[in-house]
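Examination of the molecular architecture
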Amino acid sequence: KTCGWLAMNRSQIDDVCNMMEGFGTIPPAREVCLQLCNTCYFMHPSTIPSHSPSLSQYPSVSQHPTVTPSLYPSTQPSLCHEDASDEFFYKMKPNQPRKPMIRTCGWLAMKKGKVQDVCDMMVGFGGYLPAREVCLHICNTCHLMHPSSAPSESVLQLPTLTPSE
């Protein structure tokens, strides 16, 4: 099963995401579908210690290490996972307003001219999330989906010329 399948079967999210063991070399959903399982903070803890202890319902990662190494180890720690086969709601089919067009992150990666417009879409449909919530690396939205729990010490952006609403 894929994270796209899990997104379509939301009634099974709790059961699937609470599974601690994967199958063979396939890791459990909680380690792959970080956004859907709400485990991004769990799989990728901050590098800066918090001021107070966590009250997480999840055990420490080191309590259940995997038996086999990852098939796709990363060179840098990543806050969120994205797979080329992850699916998102693109738009409704022309002339068929009740028929959604579902696309993958792999499709979006190949559509360089459409990335910004597709990533700006905010609406999902029929259990499918918009690209900005699925293709976090392509849309550069991981920070929006998993913001830090503490305010920044310094200003990250210069003020705009027009007031915000």
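Summary of the structure given here. The residue count restarts for each chain, going from 1 along the sequence in the order it is written. For this predicted model, a pLDDT threshold of at least 70 governs which residues receive local features, and a threshold of 80 or more governs which side-chain atom pairs are given and counted, while totals over whole chains, interfaces and linings are taken from all residues. Think of the side-chain values as coming from all heavy atoms in the structure, minus any hydrogens and water.

Describing empty space enclosed by the protein
The method works on a 1 Å grid over the protein atoms by themselves. A cavity is a set of points holding a 1.4 Å probe that cannot get out, a pocket is an open set with protein on both sides within 12 Å along at least five of seven lines, and residues with an atom within 4 Å of a point line them. Grid points are joined across faces, edges and corners, and a volume is the space filled by probe spheres set on the points. Considering all chains together, one arrives at 1 cavity of 30 Å³ or more under this definition. Of the volumes computed, that of the largest cavity is approximately 160 Å³. Contributing to the lining of the largest cavity are 16 residues, with C3, Q35, L36, D86 and V134 lying nearest its centre. Every helix listed is a DSSP run of H or I at least four residues long, and every strand listed is a run of E at least two residues long, numbered separately from the N terminus. Taken together, the elements giving at least two residues each to the lining of the largest cavity come down to α1 (3–8), α4 (34–37) and α8 (131–134). Throughout this entry, Asp, Glu, Lys and Arg are counted as charged residues, while Ala, Val, Leu, Ile, Met, Phe, Trp, Tyr, Cys and Pro are counted as nonpolar. The remaining residues, Gly among them, count as polar. Residue classes in the lining of the largest cavity are distributed as 10 nonpolar, 3 polar and 3 charged.

Quick word on unusual backbone geometry
Most of the time, phi is negative for any residue but glycine, and the peptide bond is trans. Phi is positive for N95, close to 65 degrees, though the residue is something other than glycine. Looking at the element boundaries, N95 is found in the loop between β1 (87–93) and β2 (96–104). Despite not being glycine, N140 has its phi angle at roughly 55 degrees, a positive value. Its location among the elements puts N140 in the loop between α8 and α9 (142–145).

Some words on the nonpolar core
Nonpolar cores are built from buried Ala, Val, Leu, Ile, Met, Phe, Trp, Tyr and Cys residues. Side-chain atoms within 4.5 Å join them into one set. Note on classification: 1.4 Å probe, protein chains only; a residue is buried when its accessible area is under 20% of the maximum for its type, exposed when over 50%, partly exposed between these limits. Core analysis: the biggest nonpolar cluster contains 23 residues, and L6, C33, L36, F88, L108 and C135 have the highest contact counts within it. Counting residues per element, the ones that place at least two in this core are α1, α2 (13–17), α4, β1, α6 (105–110), α7 (115–120) and α8. Leave out the neighbours within four places in its chain, and C33 touches C3 and L6. Every residue pair with non-hydrogen atoms within 4.5 Å of one another is taken to be in contact.

A word on the environment of L136
Mapped onto the secondary structure, L136 falls in the loop between α8 and α9. Its relative accessible area of 2% is what places L136 among the buried residues. Linking L136 and D83, residues 53 residues apart in sequence, is a C-alpha distance of 9.6 Å.

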